[in-house]
Amino acid sequence: MRQTVAVIDYGMGNLHSVAKALEHVADGARVCVTSHVSDIRQADRVVLPGVGAIGDCMAGLVERGLDAVVRELIGTVPLMGVCVGMQILTTFGEENQGVHALGVFPGAITRFPNDDVDGQGQRLKIPHMGWNQVWQRPHPMWSDIADGARFYFVHSYRLQDTARSDVVGVCEYGGPFAAAIACPGVFAVQFHPEKSQHAGLQLYANFLTWDGGC
Amino acid sequence: MGLAKRIIPCLDVDCGRVVKGVQFEEIRDAGDPVEVSRRYDAEGADEITFLDITASHENRETTYDTVSRMASEVFIPLTVGGGVRTLDNIRDLLLAGADKVSINTAAVFHPEFVKAASDRFGSQCIVVAIDAKQVAENRWEIFTHGGRKPTGIDAVEWAVRMVEFGAGEILLTSMDRDGTRDGFDLGVTRAVADAVSVPVIASGGVGQLDHLVDGVLQGHADAVLAASIFHFRQFSIAEAKAHMSAAGIEMRLSH
């Protein structure tokens, strides 16, 4: 039977690029962009995307009653968080005067400092925008993706603590930060796989066959 | 190792076709935008910029359709600019599949528009395009209407102000160099890149691969944009990246 992938639509920006990338690798799977609780509950896999500010994203979820649905899905079907969709799975975001998030993962999302410099002494630009390398820790979602492969990032806030065991991908920008976090049934990334060409499409392809295990 | 510098081919699109004026005059047809973007994607372009130079509003639908087709086939970031004047324009472009929208003239006449746009859609998708012309030693001013109308606004101060208003990136074009193939105006590039906290894309004047290297190493640009050297296959993007990498610049080489 064809599996269904729901991309959660909570009124934030460019969800279609996520859907288009999933469709590109779908191999018969049905991809639907939806804000309906019933569609999301019936899906075999769920993607939680997000662009813009964490406050707007969280408000968009809550307004539609989707925050409870996302919490309820954890560990029942594979869930993938993307960019701000990763950030809202943590406990707290510093952006927008502080936003309480879903708390699936512990920890707070904080801003890159403005005064950091790179190895050549040049100021690090914020947002962190462009292609950076992701160093992997063992996880089935990295299958067929080279360690250190580059993904496309665009963000000003990040999860800084990379010592924790749920961090499965690390990126360096003025110091290490979490590029990917995972727990049973959940894999979430700070970068945009839908804009990361082959490596990104491979990650979505892996998601479509992932059993949710770590 | 860390963040790579970016190469961004720019497509000037008129009524659904890629065009490029050579020496400000004849417009040469350089193909279907979707086909051209597919080629750039295959060669390793880090992003694509689509500049809609269509003058009439009736043809905007063609633009949305073209952007949508590009976004279905090319999985790298896509910036769209040209005639962006309202929040509805931005929303329509983002819904069509653009990742970032570039605001130029409208920002000069209504700076608050940049603030409204970044508040609504997030700084990460708002690029402010600045067309600068040198008016004295170490002084550049903003020009509008394709470089014909002076505004008296200092380009560096303007860039700083646009970032305060929420611009997430600056696309800086030297009107003195655009179309000349003499290389970027490194003075204005460096002045702006060093003054703002967000990434700066250098544009205008690329005629050979060393110009791209100079834009990063001397101009301090985070990304370099070029059009004709890629459209007419003088160089491939892969060649440009290899050249920049050999000069010691961190690039995304395997893709």
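Parameters and conventions
Sequence order as written defines residue numbering, which begins from 1 separately in each chain. Written order determines the labels here, with chains lettered from A and ligands numbered from 1. With the structure being a predicted model, the display of local features is reserved for residues of pLDDT at least 70 and the display and counting of side-chain atom pairs for 80 or more, all residues being used for whole-chain, interface and lining totals. Values reported for side chains reflect all heavy atoms of the structure, with hydrogen atoms and water molecules removed beforehand. Each helix corresponds to a stretch of at least 4 residues labelled H or I by DSSP, and each strand to a stretch of at least 2 residues labelled E; elements are numbered beginning at the N terminus. Each radius of gyration is computed over the set of C-alpha atoms, and the globule rule expresses the reference value as 2.2 Å times the number of residues to the power 0.38. Each residue is placed in one exposure class: buried if its accessible area under a 1.4 Å probe, protein chains only, is under 20% of its type's maximum, exposed if it is over 50%, and partly exposed if it falls in between. Here, two residues are considered to be in contact whenever any of their heavy atoms come within 4.5 Å of each other. Areas reported here follow the Shrake-Rupley algorithm with a probe of radius 1.4 Å; residue values treat only the protein chains shown as occluding. His is not counted, nor are the chain ends, whereas Lys and Arg count as positive and Asp and Glu as negative. Every charge is mapped onto a representative atom, which is NZ of Lys, CZ of Arg, CG of Asp or CD of Glu. Here, expected helix span is obtained from the residue count minus one, scaled by 1.5 Å. Taken from the helix axis, the directions to the C-beta atoms give the arc we talk about. Residue types Ala, Val, Leu, Ile, Met, Phe, Trp, Tyr and Cys, when buried and joined through side-chain atoms within 4.5 Å, form a set referred to as a nonpolar core. Here, any two strands with at least 2 DSSP bridges between them count as paired. Seen with its strands pointing away from the viewer, a crossover is right-handed when the path leading from the first strand over the helix to the second is clockwise. Put simply, a salt bridge is a Lys or Arg side-chain nitrogen that is within 4 Å of an Asp or Glu carboxyl oxygen. Think of a polar contact as two N or O atoms within 3.5 Å of one another; within protein, one of them needs to be a possible hydrogen donor and the other a possible acceptor, and neighboring residues in sequence only count if both atoms come from side chains. Centres within 6.5 Å are what make two rings of Phe, Tyr or Trp a pair, Trp counting through its six-membered ring; a difference in plane orientation under 30 degrees is then read as stacked, over 60 as edge-to-face, and the rest as tilted. Sitting over a ring, as applied to charges here, requires NZ of Lys or CZ of Arg to be within 6 Å of the ring centre and within 35 degrees of the ring normal.

A. Examining the overall build of chain A more closely. If you tally the helices and strands in chain A, you get six helices and 14 strands. Whereas a compact globule of 214 residues would reach a radius of gyration of roughly 17 Å, chain A reaches 16 Å, a difference of no more than 12%. Seen through its C-alpha atoms, chain A measures out along the principal axes to roughly 55 × 40 × 30 Å. The buried share of chain A, taken over its 214 residues, is 62%. Contacts in chain A between residues at least 24 apart in sequence constitute 68% of all its contacts with a sequence separation of at least 6. Of the roughly 7,900 Å² of accessible surface on chain A, 49% is carried by carbon and sulfur atoms. Side-chain charges in chain A split into 15 positive and 21 negative, and the spacing between the mean points of these groups amounts to 3 Å.

B. Representation of helix 2 (residues 60-73) of chain B. The terminal C-alpha atoms of helix 2 of chain B lie 21 Å apart, and with 14 residues this matches the ideal 20 Å at 1.5 Å per residue to within 8%. Turning to helix 2 of chain B, its buried residues number three or more, namely B:Arg60, B:Thr63, B:Tyr64, B:Thr66, B:Val67, B:Met70 and B:Ala71. Seen from one end, helix 2 of chain B has its buried residues packed into an arc of 165 degrees, which puts them on one side. Buried residues belonging to helix 2 of chain B abut helix 1 (16-25) of chain A together with strand 1 (6-14), helix 1 (33-43), strand 4 (48-52), strand 5 (78-81) and helix 3 (87-96) of chain B.

C. Focus on the nonpolar core. A:Trp142 and A:Phe187 are the most contacted members of the largest nonpolar core, which has 78 residues in total. Looking at which element gives the most residues to this core, the answer is strand 13 (residues 176-183) of chain A, with seven residues. The next biggest cluster of nonpolar side chains, apart from the first, holds 76 residues, and it includes B:Val80, B:Ala117, B:Ala132 and B:Val196.

D. Seen up close, the pairing of strand 12 (residues 223-226) of chain B. Residue and element names in this part refer to chain B. Every second residue of strand 12 is oriented toward a common face, with Ala 223 and Leu 225 on one face and Val 224 and Ala 226 on the other, all of them buried. Bridge count for strand 1 against strand 12 is four bridges, and the pairing is parallel. Following the sheet pairing, Ile 7 is matched in strand 12 by Val 224. Relative to strand 12, strand 11 (residues 200-203) runs parallel, the two sharing two bridges. Among the inter-strand pairings, Ala 202 is bridged to a residue of strand 12, identified as Val 224. With helix 8 (residues 209-217) bridging strand 11 and its parallel neighbour strand 12, the resulting β-α-β unit is right-handed.

E. Structural view of the environment of A:Met141. Residues and elements named next belong to chain A. By the element assignment, Met 141 lies in the loop between strand 9 (135-136) and strand 10 (150-155). The class for Met 141 is buried, based on a relative accessible area of 0%. Along the chain, Met 141 and Leu 208 lie 67 residues apart, while their C-alpha atoms are 9.8 Å from each other. In this structure, Met 141 is in contact with Met 80, Phe 187, Leu 203, Asn 206, Phe 207 and Trp 210, ignoring residues within four places of it in sequence.

F. The arrangement of the pattern of salt bridges in detail. In the structure shown here, the tally under the stated rule is 24 salt bridges over all chains. In this structure, B:Asp99 engages A:Lys195 in a salt bridge whose closest nitrogen and oxygen atoms are separated by 2.9 Å. Highlighted residues: B:Asp99 in the loop between helix 3 and strand 6 (100-103) and A:Lys195 in the loop between strand 14 (186-189) and helix 6 (197-209), drawn from two different chains. With relative accessibility at 3%, the residue A:Lys195 sits in the buried group. Residues B:Asp92 and B:Arg91 are paired through a salt bridge, measuring 3.0 Å at the closest nitrogen-oxygen approach. Residue classification places B:Asp92 among the partly exposed positions, given a relative accessible area of 26%. Salt bridges linked by common partners bring B:Arg6, B:Glu47, B:Lys100 and B:Glu169 together as one network.

G. Spotlight on the sheet that holds strand 7 (residues 108-111) of chain A. Residue and element names in this part refer to chain A. An order of 6-5-7-11 is seen for the four strands of this open sheet, with the pairing classed as mixed. Strands with a single pairing partner mark the edges of an open sheet, and in this sheet they are strand 6 (99-100) and strand 11 (157-158). As paired strands, strand 5 (residues 92-93) and strand 6 are joined by two bridges and run antiparallel to one another. The partner of Phe 92 across the bridge, within strand 6, is His 100.

H. Structural context of the side chain of A:Glu194. Mapped onto the elements, A:Glu194 comes out in the loop between strand 14 and helix 6. Comment: no salt bridge for buried A:Glu194; closest opposite-charge side chain is A:Lys195, at 7.1 Å. Side-chain polar atoms of A:Glu194 contact the side chain of A:His192, separated by 2.8 Å. A polar contact of 2.7 Å, which involves the side chain of A:Glu194, links it to the side chain of A:Tyr204. Beyond its immediate sequence surroundings of up to four residues, A:Glu194 is in contact with A:Ser17, A:Val18, A:Ala21, A:Val82, A:Tyr204 and B:Phe75.

I. Molecular detail of the packing of aromatic side chains. Tallying each qualifying case throughout the model produces 11 aromatic pairs over all chains. Consider the rings of A:Trp131 and A:Tyr152, whose centres lie 5.8 Å apart with planes at 70 degrees: the pair is edge-to-face. Pair noted here: A:Trp131 is in strand 8 (residues 128-133) and A:Tyr152 is in strand 10, with a separation of 21 residues, a long-range link. Like A:Tyr152, A:Trp131 is buried. Each ring, one from A:Phe187 and one from A:Trp210, has its centre 6.3 Å from the other, and the planes form 75 degrees; the classification is edge-to-face. Linking A:Phe187 in strand 14 with A:Trp210 in the segment after helix 6, this pair joins segments that are 23 residues apart in sequence. Look at A:Phe187 and you get buried, because its relative accessible area is 0%. The class for A:Trp210 is buried, based on a relative accessible area of 4%. Here the aromatic cluster, defined as three or more aromatic residues joined through ring pairs, consists of A:Phe112, A:Trp142, A:Phe151, A:Phe153, A:Tyr173, A:Phe177, A:Phe187, A:Phe191, A:Phe207 and A:Trp210. Taking the ring centre of B:Phe143 as reference, the NZ or CZ of B:Lys133 above it sits at 4.7 Å.

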